[in-house]
Structure formats: C-alpha cells, structure tokens
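Observations on chain architecture
The chain contents come next:
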Protein chains: 2
Amino acid sequence: MRVVVIGAVALGPKAASRCKRLMPDAEVILIDQAPRISYGGCGIPYFVSGEVNRVEDLQTTPYGTVRDAQFFKSHKGVTALVQTRATSIDRAARTVTVEELASGKSSTLSYDKLVLAMGSSPNRPPIPGIELQGISPATNLDEAELIRNAAASGKVNNAVVVGGGFIGLEMAVALGDMWGIPTSVVELTDHILPGFLSPTLARMATRDLADNGVNVYAAEKVLRFEGDKGAVTRVVTDKRELPADLVVMSAGIRPNTELAREAGLTLTERGLIVVDDHLRTSDPDIYAGGDCVTVLNQVTGKPGWFPLGSMANRQGRVIGTNVAGGDAVFPGAVGAWGIKLFAQNAAGAGLTIESAQREGFDAINVHVEQIDRAHFYPEKHLMVLEMVVEKACRRVLGIQGMSSGGDALSARINAVAPLLSRGITVQDVSNLEVLYSPPFASAMDIVNVVGNVAENILEGRLVPMSQEEFEKLWAERGKDEVFFIDARVDRDAASLVQKYPANWHNIPQDQIAQRLDEIPKDKPVVLVCNTGLRSFEAQLGLAAAGRHNTRSVLGGMSSAKRLGVDI
Amino acid sequence: MRVVVIGAVALGPKAASRCKRLMPDAEVILIDQAPRISYGGCGIPYFVSGEVNRVEDLQTTPYGTVRDAQFFKSHKGVTALVQTRATSIDRAARTVTVEELASGKSSTLSYDKLVLAMGSSPNRPPIPGIELQGISPATNLDEAELIRNAAASGKVNNAVVVGGGFIGLEMAVALGDMWGIPTSVVELTDHILPGFLSPTLARMATRDLADNGVNVYAAEKVLRFEGDKGAVTRVVTDKRELPADLVVMSAGIRPNTELAREAGLTLTERGLIVVDDHLRTSDPDIYAGGDCVTVLNQVTGKPGWFPLGSMANRQGRVIGTNVAGGDAVFPGAVGAWGIKLFAQNAAGAGLTIESAQREGFDAINVHVEQIDRAHFYPEKHLMVLEMVVEKACRRVLGIQGMSSGGDALSARINAVAPLLSRGITVQDVSNLEVLYSPPFASAMDIVNVVGNVAENILEGRLVPMSQEEFEKLWAERGKDEVFFIDARVDRDAASLVQKYPANWHNIPQDQIAQRLDEIPKDKPVVLVCNTGLRSFEAQLGLAAAGRHNTRSVLGGMSSAKRLGVDI
C-alpha cells in the first residue's frame, strides 16, 4: 500500500502522519515544491513582528525539533520529498508525475491512495508596478524573513498593506506595533474583514488600528505602484497617494487546484475541489482537504470555503483515518475565527448581518456591550457581542464580538460556534450554560444577555436604534426633530448636558414616570444610557405611560465611544 | 394581578423585575427577611480578600446604584419588603402570611402568582464548640464584613476552613492570598471539590494551594472546636490539632424549603422543590427556582441540583416570563463551573470520572496536557484537560481542566459544556469548531486533542497509564519489574538518566525502531515524554515491531510535575 500526499504545509503532514500511524506497513510519501515544509504559516505575522524569535520556530515541534524531511523519516516513518513538484496525475494508471526542481529530473510515482493538500496561493492582481521590489505577499517563510529584515534594518519608513483581511491586518499590526512603522491598509470593499465583521464592528476595529498608527482606507482601489530604481516608493489609489517602501499584498487567496482540474476531478465554479463528508473527491482513490476544497457551510447549507490552519489540521486527521480504511466524517464548518489587533481583539463564527442578508435571510443584528465578568470583580473588560438572528424562526445565524480580553472573547464565541450547526435559537442562547464564577463571567453573562436582548427585540418590547442611526440623528440635531434623553444618573450625563444644553436631556431612568411632562409627545424620543440596559427600561416606562414613539440605542455611550461618534 | 416573590437575593429580584417589565400593570412584591437584598453572594470571597473594596459594591448595579428597596421601587416598579419573613403559605386562599421582623407584626398578603426563591443555607453540623466566636459560614454580607475586618486587623494568626467545596476554597484563597494568613482546609471526603474534579486534578489543585500557604487535609473529620473565653482557638480533627482564631464553615448547604414543605408542595427526598420545565411547582400558581429546586441533570437524565448564581439568574428570567403568561422553558443543566485558585484556575462541566462511575456509567477518563495556543506564540500557558467518556457509545459525559490561564480554560470548557446536553461523541469533540488564531488557540487545539486521544484509547491504539499508576510503579522501581523509557530528546532526559542510571532509560522517540535491542521483552514497558504525544508515538513504533506490553503515561512529565510525583 502506497499513499502519496501532494502538499506538505498543514493538512499534508497531518494526513500523512495519521495514516502512517494507523497503517505502519504502508509507504507514505509527502511531496512539496518548497524547501521548507510543515510550518505554521499563520505564525508569519508574529515572526515579522518579532514576537516569534527565529523563523525556524515556525517549523519546529513544541519540543524544539525542526520538522524537515529527516524529521518525518525518523519520527513519523513518512518519506518527504522536498523541492519536488507534482506536475500531473494519471488517474487511470494511478500515478503522479513529479519533477525534482534542483535537477529538473522527472519521474513517476504510483499510488494506491492519493491526498491533495496543495493549499492556496495569494492573488496577484494585475496592478501596474506589481513587479517592483518591496512588494510581497508575505505568505511563505522566505518572504517573511525579507520583510522582517527590512523592518528591523530601520529602512522602512512607510508600509502599505493591500487588503484588509486577516493576514493583511495581522501584518499591519506586526509592522505598526513592534516596529513602529507608519502603516496604511487599503481595502477595496466598504470595510475591513468583510464577511466577518458587521460595519459597526469593523469601524470599531478600524479605530483601534488608527489609535495605534495604522490608517485604514476602505472603499478604495489601488491603481498602480510607483517606484524608483526598481523598488517601490508609492502606492497610488483612486483617492490618494501613499508613500511606501514596503507593500504587503494580501488581496485574497485562490486555491491551488490546477492539478486536480487537469486530472478531471470535479471542481466548483470557483475552482474548489468537491469532496464528500469523508473528504473523498469524485475519484474514490483521491482525497482532498484544506484550502483547496469546498465543505458544507453548516449555517447556510451551501458549499463553503474555510481556508484556515485549524480546518486543515482537523481535516488532515479525518483524511488520514479514511485513507487507512477508517470511517471518519468531516461534517462541515461554520467558520470560527479570531484576530488580535492592538488593544482590541475580534472574533466570530457563522454569518454577519451583511452575509446573512446576501444569503437571503430575513435577519436582525443584535448589538450588546457589557462587562465580561462580575462587575464588582477588579480585573475586567467591556465586551461587545453581536448576534445575527433569522427573524421568523429565531434561529441564530452568527455571532461576532470585540474586546480587549481576547481569551474571554474566545470563551463566548466558542460557546456559540459549535451550536450554530445544530440550529440553536435565541431562547437556547438565553439559557446557554457557560461556566460561572465572578473572576470569569457574570451571573447573567453577556452571552446570555445577547439572547435576552434578541428576544426583547423580536417580541417588540425593545425597539432598538443602531449606533449608526443614532449618529446620523445626532448630527442632524439642529433640525430639532428628535428628542434625546440620557437615562443615566445625573453625574454621568452632566458633562454632555452642559455641552449641548439645547439637545441633550438628562432624565435618569428611575425618574421617567414622574417627569413625563418634560418629554414632548410630538417627536420621536431617542433613549441612551451607558450600555443600553437603562435606556431599555426607560423605554418600557414610557410605553407603560402610552408613549410608544421611542427608540433605545443599542450599546449606549460605551459603543458610541468605541465608534468615535462625535458627541 | 399581584405577584409575590419570597426571597430577594438572586432569582427573586430577577423574576420580579422581568415579570414587572412584561406586565407593567401588575403589582409585584418582593419579600426578604434580611435587611440587604439583591447582592452578589458569590462575590463575598473577593470582598473578604480586599479585591472588592466595599461591601456595598456587591449590592450595586454596574453603574453604581445600590439595589435596595428604594431602587426596586423607583427603577423597577417592584415593592420590596425587607426584614420581613414569610411564615406560611395558604394555597387554598392564595395568601402568604408575613411577619415584620422589627415590630413582630404579622399580616397576610394575597397573591395571584407566587414565586419561591428562598435559596439555601449553610449546613451547621452539630460539632462540639460550633457556637464559639470566630466560627462563621461567611454566606451573608454581615459575616463577610466581620471576617474581612478581623483579617485586616492583623489579629488572625491562623485560619481553618471546614469544607473543600467552592466557597471554602475561595475563602481559603482570599485569606491566604491577600492577607497572608496561614490557612488550612479540612475536607471530609478523599479530596477537594469532590464531584467536580477527578482525584488527579484535585491533587494538582491541592498543590497549587499548598505552594501558596494553604494546606489541605482531606479524608479528615473535625471532631470539635476548642476555645478560650468563648472564642475559637483550635480545631481538633481525627488526625491533628490546628490552631485557629478564625474558622469558616463551608460544610455544604441545604435548600430553604420548609415553607414549601409545610404548604404541601411536592419535594424530593433531599428536600428540593420539584418543578416542571417551566419551573412551575406542583401548584400551578406557584413557581420556584434557584438553590431550592431540582432541575433535570441533562447528562444523567435524573433530577439534579445546581445551586449557582448563574442558574438563579437564568431561571429567574424564565419564571418572570412564565408568570407573565409567557412560554419560556428551562431545559435543565449540566453543571458548568469555574474557580480561581492561586496560580491555577480550575473549571469543568458535566460528570467527573468518579461521579460517572457512581452513576453506573462504564466510562474512561482521558487526560491531556498541552499549550493553550500556538506553541510558537510567546505568551502561553500549559493546560490540562480531562474528558469523561462512556465507553460503548463514546458519548462525552464531562470535561474538567486546570490552567494558569483562566479565560483560556473557560474558552475550552464553554465550547463543550453546552454540547453535553446534546449527546456529543468523541468524534464531535475531535472535529469541534473552536476559533483559531495563533494568539488564542492551536491549529490542532487542546480541546480537539482530548477528543483525538480518547479515540486512540477507545480503539486500542493508545494503551494509557495514569499518573497515579506511573507514580506507584516508579516508587516500586527497586523491584525492577518494569522498564521505564523516557522518549524525549537527550537533553531533556539527561538529568533524570544521571539521577537514576539503573531505572531511567532514555530512548528518543525517533530512535525506538533502531534500538529495540535495548528494550527487554520480558518486562512491561512504561513510556514517558513531556506531555504524552511522543510516548504514544513510541508505543506505536514498538507495536509495529511486535512489542505490545507497553503503556504510555498520559500528561507525561508536565503532569507529573504538577502532581509532585517524586522523580
């Protein structure tokens, strides 16, 4: 029995090792065109930043052994052929033709089972000047070393990152945080992390970046790169010119599936390899996984794409088991992700409000801000959570959040993520059993509160206003068409009342019933408090008094501050 | 419509407020015998430690307003009668008789719906001397103030905590950590947190306590308290005498259900009020929740008891909804919990191996130790996870863990806890979708690894040895009946080889196949590495060579060190 695995970064080594463990007598061959294999590509930004000391650290085991061909032979019993490119697959003959890159020599390897783990490559859009020196996608270790050395040399005065996705932002943080390089991010769509953050959360993230010297230019297109003596000096967009002696291209990735296409395997229109829930391709002797396949999106029920190192590892194990005759299932994914910015961290799973609407769901986005543990506990952080809910059936479609406490945010996203594929509803989230102890959670934890708020909105008790609507109405306060009430206690509202005596009215929540006379009946009333709880209670009080033309601002002044609402 | 709620600590105020929100026209009356209501009782240890500054902080809202009777009137529209005891319920007349404690005056309150939220009281075992001054259960704010004042005065030279449950340990940490008071914990059963931690994890927790000046005496019974001039000076157990001028009694709690019993409501043998999944008692006009009811244990399918502040809050909301004519369900619980010790934190959900076996499950306990994020990321912690699995069907019954990173531990426990009621299997845990990014998780995260290891054990590939077995065999190494192999690289094993040249053999995992001759065939082989991964691979290597009499030590030297195995 011979198993050939093409691609040796994440999924390939995992599948090969698992397979060999289960079938010690099998010959397992791992092929990769690069000299370095089995590295943590996701760690590149942390190497560039200097948090990871040596590039080898990304290629070593936790106990410090470098995972090279020798390692795979001695530790795993797997033969790794590096600097060797698979050039074609002959499915009828069950052979792979490979080329040794150093010598140019070609040869043929027969296989009983074949595993495709070619991963993905960065897009290289045909922008004029893209061939200039200093422009790099930063997706392999060699490029990472060049960037780190350039940053460390002090010769990079300005950096530009093209693309505000995960890698782009992580690289921007690495350059800005550790090396103090003024860095800009140019993003083609309306906001960073499109498809992962709502516009609100994206704006909060953008502010965290800006506060730390990374400027984001969204809805902006790179027209060309300009240079001097072959090296980049400037990025020209449709709106501005940015000086740059280092450009990181993170304009998306595409699956490396040419081999699979040429071999006649079934691919999607986007070029992803189609696999079943055992990660088997249209050829029963060929398995595939990682960045080059499509798996079920368990939220939409449609084919999804989840190019993530964790998927590659888990899928690699499933493939290894199945190649060895086992019966492991990979049921699909909902897409759980996280990113460390500067002071803030963002994370999420499932659909955002934008992606839910694009998928045709009639959905609402519920926004909550609350302390992440008992409010009396001294070390704590404010956390924002947003939950996307399908209106009619109250099914939860996604959850996203932001906080300076990254692990605490993880604890909430992880509690919901594995349930998204199991059809949970708002009521399930209200009752969700997360661990409780004052140093770790609130007795009514934020993750339960986001369920409670969703329920109150869906049942019409809480009539919400988004921060963006609030901002717009506040900017138009001169029209005097809306009556703003700050429902906080006097001392918290005082400074704004003093600043805006004509427009900002303070009626603490507990005084609403007694001070109805002060509230005009002929204008919509906008209620604000610190996070949205007292403004909701004020709204209920007004409703009980027959006043229904009111809205309660979700996330209150805390979220307004995060967004930089001009107030 | 009048709603009467008896008990105003956690569930009562929540149920009352929710109910009033939904039915603004209803009269809602909250009764409590204590002067202070609606406080965070779980915060008492953090007030005693000084982390929470003033006792009032446990009774205030996040925005600093004290939740007293006035607050409930003005902010919630709820009438709170404090220092008022409910003395009887007349279900036929639908009235509650109450006594004003100050005046001794009795009166009768009629109700349409009644909510029982009397909570629980600390056990007061009939130990001789228990009436001495300085012995306190530390469950209400007055007692908390006395203890804090005593600790702060510098007059407490030695403290003893009776009972190694959550409150007991939190109090021990508070006294030991912040005030530096030499503190002992006396626990009647075999180990601390019985029913929540395995013996292994309990021993790890005990060591963390001991390293910080808190000594645990388990399997030990308090015989009497001795005193001088009416104040406690000594705790006498069946094994020793402990000096003590402060004793915290945390010997369990009992539900306050006398009223319910006298009113003829259905109770369990343990004295817990029986409720349906809408939290309605055997009387359709009476609801109950929190510490005084039994709800479904979703793991065992039997009635469970979960006296936790978070349960009380979530159940309070469900009751409030249902009293107001809604249709909210409380499906039961699996018991998710957490505790901060000194350097370590512990958390879990569901059954431990001991409780699973007591419940009649044929189960195994899987023990894993691993770094809690990408191993190349600079800030990281080792984490221990244990998962309890029913053998035949591979259903997951519980998960527990320990780490210095408390929120990161939360992130793993929370990912599994809500799934325990949904019948997840080992394979689901292997594929569990938790968020991935190097600063927060590993590409093959520890929570997936515990699934993988369980699978390997259940399929017979991994033949495990527990740390306790390893310790025992190592202690008997003089018999020379077992061959110990350290499968780590030379430099990691060198010091032990030097210390124990006759018994500790170093064969790095990758050299196993070539050095079979060094391994005797007539003795069981015990394989150890740093965390258990390489010893497993070594075991597979030996199996491939026909050597099957081997065991791989789960958690390796990392867990041995946590346990203080003498090696």
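Residues numbered from 1 in each chain as written. Chains lettered and ligands numbered in written order. Predicted model: local features only at pLDDT ≥ 70, side-chain atom pairs only at ≥ 80, totals over all residues. Heavy atoms only, no water.

1. Focus on the pattern of salt bridges
- Tallying each qualifying case throughout the model produces 60 salt bridges over all chains.
- Note that Asp 407 of chain B is salt-bridged to Arg 373 of chain A, the shortest N-O span being 3.0 Å. Residue Asp 407 of chain B is found in helix α10 (residues 406-420), and its partner Arg 373 of chain A is found in the loop between β24 (363-371) and β25 (382-390); the two belong to separate chains.
- With a shortest N-O distance of 3.7 Å, Glu 476 of chain A and Lys 472 of chain A are connected by a salt bridge.
- A relative accessible area of 27% means that Glu 476 of chain A is categorised as partly exposed.
- By relative accessible area, Lys 472 of chain A is classed as exposed at 52%.
- Among the charged side chains, a network of salt bridges with common partners joins Arg 224, Glu 226, Arg 234 and Glu 241 of chain A. (Salt bridge = Lys/Arg side-chain N within 4 Å of Asp/Glu carboxyl O. Helix = DSSP H or I, 4+ residues; strand = E, 2+ residues; numbered from the N terminus. Buried < 20%, exposed > 50% of the residue type's maximum accessible area, 1.4 Å probe, protein only.)

2. Quick look at the interface of chain B and chain A
- On the side of chain A, 96 residues touch chain B, which itself brings 96 residues to the contact.
- Linking chain B with chain A are ten salt bridges.
- For Glu 537 of chain B, the salt bridge identified is with Arg 21 of chain A, shortest N-O distance 2.7 Å.
- With eleven residues, α10 of chain B is the single largest residue contributor to the side of chain B that touches chain A. (Contact = heavy atoms within 4.5 Å.)

3. Here we look at the pairing of strand β7 (residues 113-116) of chain B
Residues and elements named next belong to chain B.
- Neither face of β7 is exposed, since Lys 113 and Val 115 on one face and Leu 114 and Leu 116 on the opposite face are all buried.
- Relative to β7, strand β1 (residues 2-6) runs parallel, the two sharing four bridges. Looking at β7, one finds that Ile 6 is bridged to Leu 116.
- As paired elements, β7 and strand β19 (residues 286-288) share three bridges and run parallel to each other. Paired with Leu 116 across the bridge in β19 is Ala 288. (Pairing = 2+ DSSP bridges.)

4. Observations regarding the environment of Thr 200 of chain A
All names here are of chain A.
- Within the fold, Thr 200 resides in helix α6 (residues 199-211).
- Residue Thr 200 is classed as buried on the basis of its relative accessible area of 10%.
- Spatially, the C-alpha atom of Thr 200 lies 19 Å from that of Gly 451, the residues being 251 residues apart in sequence.
- Not counting the four nearest positions on each side in its chain, Thr 200 is found in contact with His 367, Glu 386, Glu 468 and Leu 563.

5. Examining the relation of the copies chain B and chain A
- The two copies are related by a screw operation: chain B maps onto chain A through 180° of rotation and 0.0 Å of translation along the axis, at an RMSD of 0.0 Å. The superposition of one copy onto the other is thereby described by a two-fold rotation axis. Every residue of chain B has its C-alpha some distance from the rotation axis, and the shortest such distance is that of Ala 411 of chain B, at 1.7 Å.
- Interface overlap between copies: 100% of the residues of chain B at the interface are likewise at the interface in chain A, consistent with a symmetric, same-surface contact. (Least-squares fit on C-alpha atoms with pLDDT ≥ 70 in both.)

6. Some thoughts on the sheet that holds strand β19 (residues 286-288) of chain A
Residues and elements named next belong to chain A.
- The strand order β3-β2-β1-β7-β19 describes an open sheet built from five strands, whose pairing is parallel. Two strands lie at the open edges of the sheet, namely β3 (79-81) and β19, each paired on one side alone. Taken pair by pair, the neighbouring strands of this sheet meet at an average axis angle of 20°, ignoring direction.
- One ladder, built from three bridges, connects strand β2 (residues 27-31) with β3; its direction is parallel. The residue of β3 that forms the bridge with Ile 31 is Leu 81.
- Seen against the sheet, helix α8 (residues 309-323) touches β1 (2-6), β7 (113-116) and β19 and runs at an angle of roughly 165° to β19. (Axes fitted to C-alpha atoms, helices over the stretch in contact; angles between N-to-C directions.)

7. Overview of the packing of α6 of chain A against helix α16 (residues 556-563) of chain A
Residues and elements named next belong to chain A.
- In contact at an axis separation of 8 Å, α6 and α16 are set at 55° when each is read in the N-to-C sense. Relative to α16, α6 is oriented oblique. Between α6 and α16, the contacting residues are Thr 200, Arg 203, Met 204 and Arg 207 on the first element and Ser 559, Lys 561, Arg 562 and Leu 563 on the second.
- In terms of residue class, the contact of α6 with α16 is made up of two nonpolar, two polar and four charged. (Parallel < 35°, antiparallel > 145°, perpendicular 65-115°, else oblique. Nonpolar A, V, L, I, M, F, W, Y, C, P; charged D, E, K, R; others polar.)

8. Remarks on the environment of Leu 146 of chain B
Residues and elements named next belong to chain B.
- Among the structural elements, Leu 146 can be located in helix α4 (residues 141-152).
- Judged by its relative accessible area of 62%, Leu 146 is exposed.
- Expressed as a C-alpha distance, the spacing of Leu 146 and Ser 136, which sit ten residues apart in the sequence, is 9.2 Å.

9. Some points on the sheet that holds strand β13 (residues 222-228) of chain A
All names here are of chain A.
- With antiparallel pairing, the three strands of this open sheet are ordered in space as β13-β14-β15. Two strands bound the open sheet, and with one partner strand each, they are β13 and β15 (241-243). Averaged over all neighbouring strand pairs, the angle between strand axes comes to 25°, with direction disregarded.

10. Considering the state of the cysteines
- This structure, assessed with the given rule, holds zero disulfides over all chains.
- In this structure Cys 292 of chain A is a free cysteine whose sulfur lies 15 Å from that of Cys 42 of chain A, the closest cysteine sulfur available. (Disulfide = S-S within 2.5 Å.)

11. So, unusual backbone geometry
- Positive phi is not limited to glycine here, since Ala 219 of chain A has a value of about 55°.
- Even without being a glycine, Arg 394 of chain B presents a positive backbone phi close to 65°.
- For Arg 394 of chain B, a relative accessible area of 27% gives the class partly exposed.

12. Thoughts on the packing of aromatic side chains
- With the rule as written, the count across this model stands at 20 aromatic pairs over all chains.
- Considering the side-chain rings of Phe 71 of chain B and Phe 72 of chain B, the 5.3 Å spacing of their centres and the 90° angle between planes classify their relative orientation as edge-to-face. When sorted by exposure, Phe 71 of chain B lands in the same class as Phe 72 of chain B, which is buried.
- With a centroid separation of 5.3 Å and 50° between ring planes, the pair formed by Phe 166 of chain B and Trp 337 of chain B is classed as tilted. Within this pair, whereas Phe 166 of chain B is found in helix α5 (residues 166-178), its partner Trp 337 of chain B is found in strand β22 (residues 336-340), the two being separated by 171 residues in sequence.
- The partly exposed category is assigned to Phe 166 of chain B, whose relative accessible area is 21%.
- An aromatic cluster of three or more residues is present, and its members are Phe 470, Trp 474, Phe 484, Tyr 500 and Trp 504 of chain A. (Phe/Tyr/Trp six-rings, centres within 6.5 Å; stacked < 30°, edge-to-face > 60°.)

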